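Architecture at a glance
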Amino acid sequence: MEGAGHVTQLTPVLSATWGLEHSWNFDTYRAHGGYEAATKALAMDQADIIQAVKDSGLRGRGGAGFPTGMKWGFLPADDGGPRYLVVNADESEPGACKDMPTMMAAPHTLIEGVVITSFAIGCDHAFIYVRGEVIHVYRRLMKAVAEAYDNGWLGTNIKGTGFNLDVTVHAGAGAYICGEETALLDSLEGRRGQPRLKPPFPAVAGLYARPTVVNNVESIASVPSIINHGVDWFTSMGTDKSKGMGLFSLSGHVNRPGQYEAPLGITPRELLEMAGGIRDGHTLKFWTPGGSSTPIFTDDHLDVPLDYESVGAAGSMLGTRSLQIFDDTTCVVRAVERWTEFYKHESCGKCTPCREGTYWLDLIMRRLETGRGTMADIQQLLDTCDSIAGRAFCALGDAATAPVISSVTLFREEYERHVTEGGCPFDPAASALFDYDSAPEEAHA
Amino acid sequence: MTYDESTAKLLAKDAAEIFARYPVRRSALLPLLHLVQSVDGYVSPDGIQFCAEQLDLSSAEVSAVATFYTQYKRRPNGEYQLGVCTNTLCAVMGGDEIWRQLSERVGVGHDETTADGKISLERLECNAGCDYAPVMMVNWEFFDNMTPESALQLVDDILAGKDLVPTRGADKVVSFKEASRVLAGFDDGRADEGVSAGRPSLAGLDKAKEQGWKGQDT
Ligand SMILES: Cc1cc2nc3c(=O)[nH]c(=O)nc-3n(C[C@H](O)[C@H](O)[C@H](O)COP(=O)(O)O)c2cc1C
Ligand code: SF4
Ligand code: FES
């Protein structure tokens, strides 16, 4: 986009108010321009709101990057029956940690987005499905909803427009798969959270078999800023096909881990520098661009612009912009073994390739990491991935293969060392953030 | 149904409040299961029976749902549920060692509870706090940037009857049963307690301020 030497600046929009005293309160939010976008939107034509979101180029922030306005446009014409907005606040992808701080510090950003979106798509009952394992976020959301009712932003005849909207905040109960949108809908209907066959897509038959829009927290929370500041403002950030700003979550062996809100297309090198670099005395080894479900990268990929197209072209996915960063002390086999255990644990069991495949992957990864594996096991890993990827019922199956395939491709000799040396060549204590002695355990063996 | 009359009455009243939140009654099942955990400390046979009656389902149907989700406990849970994130990022940053020392100290393993019913331990998957690794959760409140020492201190404090104070959460950790009631959607009035955000959540904001970048302006 810009020439060499250009520095991408951070653009705190959603995170702008997080540092304020009692940032979660209605009054604080209102004093900083909150609900002005909703005021504007309620005076607009519904179709114009949808068009603005289409024109903004906003793409879903929950991982897949589907254009948000286009998704809303897929709803069939009003047939007089209910249609629903369901906010996906399940945030359980390993590495993802942006939606929870958003709802903790600024829940009204989301509620205002829900008001605008619901108005635009003709919904009078919206749901926020939040993972159950973060109680304080749930409290803040419930309070924000109560405040929005008290201030006339929810309920009947909102601000005298005749528009009615109820919001239910629903706590999940611990299951990663419930982040998958159709599993989420089943869960919200009081069932086991297992994915549904698509089509029909939720836009046609979603919650209670009615037309439904499912969007990520950050997608919906971005809507007020687009209405407030305009399409041109939003499209002035980002790259050709990846517009606007997004939260980049840096975690792991960096000096200042945390949330960095920046235009899409910022490079990992820039982000890493803002985060104070890799912890002192160490070098970058591997990282995930978009959570554990996206193929890992190394320091060869530090200049890949973090937008959907560039990350895809480089062989991974932008996903949820969750950069988990590991330094030279980290055993990649150990890291991937743990992610694999996660996918096995979270596989919902509905389809055989994923249920059986993740079981075998985990078994082989464990064997390799503990030095009981063979060279043939490494090939067996790839073969097992072959029988999962593209054959599973939902994207969780494919996701389970991403760290395995990418790590074997990039670090095959490290896998082989586990075999030839009959154990893991790394000291886990060296990766930890505190000092401890990992030897005594071995002494008993 | 073996709940005594007053418990049954209270549960029915709460259940009615939950039903009112949904256009279709069955959607109340997850909050109802959190609710029965708030009474029994786990999803008890009574609790399953109660949900089944309320929703006109068989108890097998309710069990099938309850067993799908890790937050619903099949055995009486401890007053404090100590979870250590052992997903990759936290594990590598020290979560594995925290787990090892904690489990050794408390004397129970994953998904087990001490004989006195005080403490349950659990290995957690990523809890959406990776920028605060290593992370622990106590009754689903955030305990950030943990070490083995700070983890063992939690055990000492529990045994000494002291309150536990989360890093980003309420002023004190409420009991497992009380937390379950909140998750059933019943406000405990603690939303205004605690911080807006921890330092890592503000890292980008701090950087932008330091550099004079004004992304929020138009
Ligand atoms: C296994 C799995 C887990 C997912 N978890 C989440 C999640 O926690 N939050 C989320 O917003 N989307 C998640 N998704 C993506 C959703 O299915 C869906 O694409 C998204 O909520 C749509 O919202 P968006 O278009 O605004 O991104 C997950 C998908 C899969 C396959
Ligand atoms: S791919 Fe895995 S999670 Fe998805 S439906 Fe199949 S078994 Fe369930
Ligand atoms: S890996 Fe522990 S909170 Fe994400």
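Residues numbered from 1 in each chain as written. Chains lettered and ligands numbered in written order. Predicted model: local features only at pLDDT ≥ 70, side-chain atom pairs only at ≥ 80, totals over all residues. Heavy atoms only, no water.

Right, let's talk about the overall build of chain B for a bit. Each helix and strand counted, chain B has 8 helices and 5 strands in total. The linear arrangement of helices and strands in chain B, starting from the amino end, is α-α-α-α-β-α-β-β-β-β-α-α-α. Within chain B, buried positions represent 61% of all 218 residues. Contacts in chain B between residues far apart in sequence, at least 24 positions, make up 63% of those at least 6 positions apart. One finds the centroid of the 22 positive side-chain charges in chain B at a distance of 2 Å from the centroid of its 34 negative side-chain charges. (Helix = DSSP H or I, 4+ residues; strand = E, 2+ residues; numbered from the N terminus. Buried < 20%, exposed > 50% of the residue type's maximum accessible area, 1.4 Å probe, protein only. Contact = heavy atoms within 4.5 Å. Lys, Arg positive; Asp, Glu negative; His and termini not counted. Charge placed at Lys NZ, Arg CZ, Asp CG, Glu CD.)

Residues and elements named next belong to chain A. As assigned here, chain A comprises domain 1 (26-235), domain 2 (245-327) and domain 3 (332-431). The C-alpha-based centres of domain 2 and domain 3 are spaced at 22 Å. Domain 2 puts 13 residues into the contact, and the matching count from domain 3 is 15 residues. In this assembly, domain 2 packs against domain 3 so that about 1100 Å² is buried in total across both faces, 66% of it on carbon and sulfur atoms. Remark: the boundary between domain 2 and domain 3 carries 1 salt bridge. Residue Glu414 pairs with Lys285 through a salt bridge whose shortest N-O separation is 2.7 Å. Elements supplying a minimum of two residues to the side of domain 2 that touches domain 3: strand S7 (284-288) and strand S8 (322-327). Looking at the side of domain 2 that touches domain 3, the element that brings in the most residues is S7, giving 3 residues. In terms of residue class, the side of domain 2 that touches domain 3 is built from 4 nonpolar, 7 polar and 2 charged. (Domains from an automatic or database assignment. Buried area = accessible area lost by both parts, 1.4 Å probe. Salt bridge = Lys/Arg side-chain N within 4 Å of Asp/Glu carboxyl O. Nonpolar A, V, L, I, M, F, W, Y, C, P; charged D, E, K, R; others polar.)

This paragraph deals with the site of ligand 2. Ligand 2 sits among 13 residues. The nearest are A:Cys348, A:Gly349, A:Cys351, A:Cys354 and A:Cys394. Of the residues belonging to the shell around ligand 2, the class tally is 9 nonpolar, 3 polar and 1 charged. (Near = heavy atom within 4 Å.)

Counting 160 residues, the largest nonpolar core has A:Leu165, B:Leu32 and B:Tyr69 as the members making the most contacts within it. Contact partners of A:Leu165, with chain neighbours within four places excluded, come to A:Val114, A:Val115, A:Ser118, A:Cys123, A:Asp124, A:His125, A:Ala126, A:Tyr149, A:Leu154, A:Gly155 and A:Ile158. Judged by nonpolar contacts, the second largest core, of 27 residues, contains A:Ala262, A:Ile278, A:Leu302 and A:Leu323. (Core = buried A, V, L, I, M, F, W, Y, C linked by side-chain atoms within 4.5 Å.)

Residue and element names in this part refer to chain A. Taken together, 18 residues form the shell around ligand 1, and within it Gly62, Asn88, Asn215, Asn216 and Ser219 come nearest. At the level of secondary structure, the elements contributing two or more residues to the shell around ligand 1 comprise strand S4 (212-216) and helix H16 (395-420). Broken down by element, the residue count for the shell around ligand 1 peaks at 3 residues, all from S4. Residue composition of the shell around ligand 1, grouped by class: 4 nonpolar, 8 polar and 6 charged.

A few words now on the interface of chain B and chain A. If you look at the interface, chain B gives 80 residues, while chain A gives 88 residues. Here chain B and chain A share 5 salt bridges between them. Ionic pairing is found between B:Asp96 and A:Arg338, a salt bridge with its closest N-O pair at 2.8 Å. Where chain B touches chain A, the interface holds 39 residue pairs in polar contact (both at pLDDT 80 or more). Counting residues per element, the ones that place at least two in the side of chain B that touches chain A are helix H2 (29-40), helix H4 (59-66), helix H5 (88-106), strand S5 (141-143), helix H7 (176-183) and helix H8 (203-211) of chain B. Residue contributions to the side of chain B that touches chain A peak at 10 residues, all from H5(B). Considered class by class, the residues forming the side of chain B that touches chain A number 41 nonpolar, 22 polar and 17 charged. (Polar contact = N/O pair within 3.5 Å; in protein donor to acceptor, adjacent residues only side chain to side chain.)

For the rest of this paragraph, the subject is the pairing of strand S5 (residues 245-252) of chain A. Residues and elements named next belong to chain A. Within S5, 8 of the 8 residues are buried, which leaves it mostly tucked inside the rest of the structure. With 6 bridges connecting them, S5 and strand S6 (residues 258-263) associate as antiparallel partners. Residue pairing for S6: Phe248 is matched across the bridge by Tyr260. Hairpin connection, S5 to S6: the antiparallel pair is bridged by 5 residues. Note that S5 and S8 share 4 bridges and pair parallel. Residue Ser251 lies in a different strand from S8, and its bridge partner there is Gln324. (Pairing = 2+ DSSP bridges.)

This brings us to the state of the cysteines. The tally for this structure, following the rule as stated, stands at 0 disulfides over all chains. A:Cys385 takes part in no disulfide bond, and the closest cysteine sulfur, belonging to A:Cys354, lies 12 Å away. (Disulfide = S-S within 2.5 Å.)

What follows concerns the pairing of strand S3 (residues 166-171) of chain A. Residues and elements named next belong to chain A. Taking burial as the measure, the 6 residues of S3 include 5 buried ones, the bulk of the element. Relative to S3, strand S2 (residues 125-130) runs parallel, the two being bridged by 6 bridges. By the bridge assignment, Ile128 is partnered in S3 with Val169.

Moving on, we come to the sheet that holds S6(A). With mixed pairing, 4 strands are arranged side by side in an open sheet as S6-S5-S8-S7 (chain A). Each edge of the open sheet is held by one strand with a lone partner, namely S6 and S7 of chain A. Averaged over all pairs of adjacent strands, the angle between strand axes in this sheet comes to 25 degrees, irrespective of strand direction. Together, S5 and S8 of chain A form the strand contacts of H5(B), whose direction differs from that of S8(A) by roughly 35 degrees. (Axes fitted to C-alpha atoms, helices over the stretch in contact; angles between N-to-C directions.)

Below, the discussion takes up the environment of B:Val173. Residue and element names in this part refer to chain B. Locating Val173 in the fold gives a position in the loop between helix H6 (148-159) and H7. The exposure class of Val173 is buried, given its relative accessible area of 4%. As a C-alpha pair, Val173 and Phe186 span 13 residues in sequence and 16 Å in three-dimensional space. Those residues in contact with Val173 that lie beyond four places of it in its chain are Tyr80, Val138, Asn139, Glu141, Phe143, Leu164 and Pro166.

A separate point is helix H3 (residues 46-56) of chain A. An α-helical turn contains 3.6 residues, so a residue and the one three or four places further along point in the same direction. Residue and element names in this part refer to chain A. Of all the positions in H3, only Ile49, Ile50, Ala52, Val53 and Ser56 are classed as buried. Mapping the buried residues of H3 onto a view down its axis gives an arc of 155 degrees, with all of them on the same face. Residues of H3 that are buried make contact with helix H2 (36-42), helix H4 (68-73), helix H6 (107-121), helix H9 (217-229) and helix H10 (231-235). A positive backbone phi angle near 75 degrees is found at Gly57, which sits one or two residues after H3. (Arc of directions from axis to C-beta.)

This part is about the sheet that holds strand S4 (residues 136-138) of chain B. All names here are of chain B. The strand order across the open sheet formed by 5 strands is S2-S3-S1-S4-S5, and the pairing between neighbours is mixed. Two strands lie at the open edges of the sheet, namely strand S2 (112-113) and S5, each paired on one side alone. In this structure, strand S1 (residues 80-85) lies alongside strand S3 (residues 119-124), joined through 6 bridges in parallel fashion. Pairing of Cys85 across the sheet is with Leu124, part of S3.

Residue and element names in this part refer to chain B. Structurally, Arg181 can be placed in helix H7. Overall, the relative accessible area of 31% leaves Arg181 in the partly exposed class. A C-alpha to C-alpha distance of 20 Å links Arg181 and Ser63, two positions 118 residues apart in sequence. Apart from residues lying up to four places away in sequence, Arg181 is in contact with Asp14, Leu35, Ser38 and Phe186. Of the polar contacts made by the side chain of Arg181, one reaches the side chain of Asp14; its length is 2.8 Å.

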